[in-house]
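Per-entry structural report
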Amino acid sequence: APDDTTGFFVDIHSNAALVLWPWGDTSSAAPNQAKLQTLGRRIAFFNGYTPEQSDLLYATDGTTDDTMYGLLGVPAFTLETNGYDFFEDCATFDGNTAPTNIAALRYAARALHAPYQLPSGPDTISVAAGSDLIASGDPLTITAQLDSSRFNQSNGSEPVRTIASAAAYVDDLPWSAGATPVALQATDGSFNSSIEAVNGAVPTTGLASGRHFVYVQGTDVAVNAGTPNAAFVDVAAAGQIATLQGTITAYTSGVPVLATVTVNDPATGEQRTTTSDGATGHYQRTMLAGTVNVHVSAASYLAEDRFSLILNGGQTTTRDFRLLPTCTIFSDDVESGNSLWTAEPP
């Protein structure tokens, strides 16, 4: 199949902790063997299974992965789950099988555009926007983490290359026609490692009000572009954005409290959070103008709520919160019986 083939097929079942690719009925290498192997070792990084050609488990014929690869040319895999049991208990499934394989499938999804090409390049692990709500025209700070080394190297090895560059794209995937790259910089000053933190400023002038996606993709020294990742940001006119700020302190002592502040607009469903500074108690949160509810919570304190607070666009509203500490008067887990308990009638 050509290197720019799109798509992916996967068959998931128990129970040998393996990531398998064609062929299963012969030890001969599939025509796309090298690319299947690279993708398989990327997938196996997430679930920790051994990556190998399918026939190494035992010879098979008529399997779905051989059939889909043979008919369509798409990379086709069997994920043999974690090896605990064919019918594993729920705790094992919830704690291991589900999260590790969902992570593997999310990686495969990010590689769908070119699964024979993108896994050779650096993986963009995460993307973060400096603000999830920004005024149109203000520069948006973007940070990201890139890593070329995330392969399962337990069965053979893949080359781990130095990252050479990274770029951000607003609303367009990197390979879309007309996509405009915004160069990002290595946070430590130079691209000289297989693992890099990157940052940069993305212009927002001309962006329409609403939600926008910012994609980040890295490229290594062999000019392999890797799997992208993305974050979203909401853009609005400056006059539509309100600011809520204040301090959060303990009611009795006045000391600053590290708390989570959740601001919700029930009319639109908009909900945003922030965290107060543990040293000063100060918090600040931007929202689209409207009537909001504010919920403040912190460990060892009772939560506080403020309902129907009006936030005006282009203005700053200050609301301070003083939290009451929780005080446990009596605690009994009742695991030793009820001999010390009496109930008043009725």
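Here we summarise the structure given alongside this text. Owing to the predicted nature of the structure, the values given are computational and were not obtained by experimental measurement. Note that residues are indexed from 1 along each chain, following the sequence as it is written. Local features in this predicted model are restricted to residues of pLDDT 70 or higher, and side-chain atom pairs are both shown and tallied only at a pLDDT of 80 or more, whereas totals for entire chains, interfaces and linings draw on every residue. Excluded from the side-chain calculation are hydrogens and water; included are all heavy atoms of the structure.

Re the pattern of salt bridges
- What counts as a salt bridge is simple: a side-chain nitrogen of Lys or Arg found within 4 Å of a carboxyl oxygen of Asp or Glu. Scanning the entire structure with this criterion turns up 8 salt bridges.
- Arginine 272 is the salt-bridge partner of aspartate 132, the closest N and O atoms lying 3.5 Å from each other. A residue pair is termed long-range when its members are at least 10 positions apart, and aspartate 132 in the loop between strand E5 (123–129) and strand E6 (133–135) and arginine 272 in strand E15 (residues 271–275) qualify at 140 residues.
- Residue aspartate 132 is classed as partly exposed on the basis of its relative accessible area of 25%.
- Partly exposed describes any residue whose relative accessible area lies between the buried limit of under 20% and the exposed limit of over 50%, with all areas from a 1.4 Å probe on protein chains only and scaled to the type maximum. Of the residues examined, arginine 272 reaches a relative accessible area of 5% and is grouped as buried.
- Salt bridges here are not isolated pairs; linked through shared partners, they connect Asp132, Arg211, Asp234, Glu270, Arg272 and Arg285. By the criteria applied, helices consist of DSSP H or I runs no shorter than four residues and strands consist of E runs no shorter than two, each listed in order from the N terminus.

Side note on the environment of aspartate 89
- Tracing the sequence through the fold places aspartate 89 in the loop between strand E4 (76–80) and helix H3 (90–110).
- The spacing of aspartate 89 and proline 22 is 67 residues in sequence and 30 Å in space, taken between C-alpha atoms.
- Within the local environment of aspartate 89, its side chain forms a polar contact with the backbone nitrogen of threonine 92, the two atoms lying 2.8 Å apart. We define a polar contact as two N or O atoms separated by no more than 3.5 Å, with the added condition that, inside protein, one atom must be a possible hydrogen donor and the other a possible acceptor, whereas residues neighbouring each other in sequence contribute only through side-chain atom pairs.

As for the sheet that holds strand E18 (residues 304–311)
- Should DSSP find at least two bridges between two strands, the strands are regarded as paired. One open sheet holds the 4 strands; their spatial order is E15-E14-E17-E18, and the pairing between them is antiparallel. Edge positions in the sheet fall to E15 and E18, since each has one partner strand and no second. On average, each strand axis in the sheet is inclined to that of its neighbour by 20°, with strand direction left out of account.
- Two strands pair when backbone bridges link them, and strand E14 (residues 260–264) and E15 are joined in this way by 5 bridges, in the antiparallel orientation. Bridge pairing links threonine 260 to threonine 275 in E15. The angle between two axes is taken between their N-to-C directions and runs from 0 to 180 degrees, where each axis is a line fitted to C-alpha atoms and a helix contributes only its stretch in contact.

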